[in-house]
Amino acid sequence: MRELADATESMEQLATVWRAMVLDRDPRADVRDLPGIAVRWADSRFAFWNCVTLTEVGADAGVLKQRLHEAAEVMRSKTRPGFLWVFEALLDDGARAALGAAAEQAGLRYAFPGTGMAGDLLPLPEPAHPELTFVRVDSDELLRAYADINARAYGFPLEDGRDGLAGSAWWKSGVFAYLGLRDGVPVTCAATVEADGRLFVVLVATDPAWERRGYGEAVTRKALYEGGRATGLTRATLHATAAGAPVYPRIGFEPNSPIGFYSLAELPDSAGPADPSGPSGLGD
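Residues numbered from 1 in each chain as written. Predicted model: local features only at pLDDT ≥ 70, side-chain atom pairs only at ≥ 80, totals over all residues. Heavy atoms only, no water.

**Some thoughts on the side chain of Asp-26**
By the secondary structure assignment, Asp-26 is in the loop between helix H1 (2-25) and strand S1 (30-34). Side-chain polar atoms of Asp-26 contact the backbone nitrogen of Arg-28, separated by 2.9 Å. (Helix = DSSP H or I, 4+ residues; strand = E, 2+ residues; numbered from the N terminus. Polar contact = N/O pair within 3.5 Å; in protein donor to acceptor, adjacent residues only side chain to side chain.)

Spelled out as structure tokens, the structure:
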């Protein structure tokens, strides 16, 4: 039962944080809680702000099949592509076994894997890295740099990344967003945001030219340290890509659910890359 509770927490954190993120991007965004489905869709060029997730706990194969068809219909009604998130630990054994075939029947294709993680890990010691200085994102210029790092890391055009964050006042005040600078140049980034008594780690990324130097872990520690210091929270959650998943247990996170990301099998011409599973975590 602990696994189910942890997976439920992970799904609910996504629904809570993505509601705020997409409404920040567009106050008219499609934010709905349907039976068994949460819609969090900004119709942004930044595909991660276009999200549908399944919310039922213990769904069986029949319910899963129905929800996948309903989720796919929501996605087909949109202009921009996005992703369906499936927290596999929320499904019963029969539904997990049927997931691949049921997704295909609904017109969905598997895009890439992720992992939900959480931990009671705060406070952390103040982080440092010998090659980095840290700066909080508090200007349009720094926010654009944050967006550009994410675009490069996840394989999006720069304008798509900027479409997700440009003009946001919240990211410059309510989000604990940090850049790691090497010789004054932004090379890595991470953010935390308060969500239902937890800190949620979101949009961690490192410029591909500067991977495998410990930059992502260092800037994530900085965002957690500053967020924890400001809020007094002790528990943190995130959703990691496959590339980023090995980093987070070193900080104190524990995995709670595999996450399958699905896109429509037939994407519009404006679709992003099939596997934007960059070198970090979504919120990852």
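**A word on the pattern of salt bridges**
Scanning all chains against the criterion turns up 23 salt bridges. Across the pair Arg-235 and Glu-9 runs a salt bridge, and its minimum N-O distance is 2.8 Å. Residue Arg-235 is found in strand S10 (residues 235-241), and its partner Glu-9 is found in helix H1; the two are separated by 226 residues along the sequence. Put simply, Arg-40 and Asp-33 hold a salt bridge, and the shortest N to O gap is 2.9 Å. Residue Arg-40 is classed as buried on the basis of its relative accessible area of 3%. Through salt bridges that share partners, Glu-9, Asp-120, Arg-198 and Arg-235 make up one connected network. (Salt bridge = Lys/Arg side-chain N within 4 Å of Asp/Glu carboxyl O. Buried < 20%, exposed > 50% of the residue type's maximum accessible area, 1.4 Å probe, protein only.)

**What about the packing of helix H2 (residues 61-76) against helix H3 (residues 93-105)?**
For the pair H2 and H3, the least separation of the axes is 9 Å and the interaxial angle reads 30°. Overall, the two elements H2 and H3 adopt an arrangement that is roughly parallel. Crossing of H2 against H3: the hand is right-handed. Residues Ala-61, Leu-64, Lys-65, Leu-68 and His-69 of H2 form the contact with H3, whose participating residues are Gly-94, Ala-95, Ala-98, Leu-99, Ala-102, Ala-103 and Gln-105. Its residues placed into classes, the contact of H2 with H3 shows 8 nonpolar, 3 polar and 1 charged. (Axes fitted to C-alpha atoms, helices over the stretch in contact; angles between N-to-C directions. Parallel < 35°, antiparallel > 145°, perpendicular 65-115°, else oblique. Left-handed = near helix turned anticlockwise from the far one by under 90°. Contact = heavy atoms within 4.5 Å. Nonpolar A, V, L, I, M, F, W, Y, C, P; charged D, E, K, R; others polar.)

**Here we look at the side chain of Ser-263**
Mapped onto the elements, Ser-263 comes out in strand S11 (residues 254-264). Beyond its immediate stretch of four places on either side in the chain, Ser-263 contacts Met-75, Gly-82, Phe-83, Gly-107, Leu-108, Arg-109 and Ala-111.

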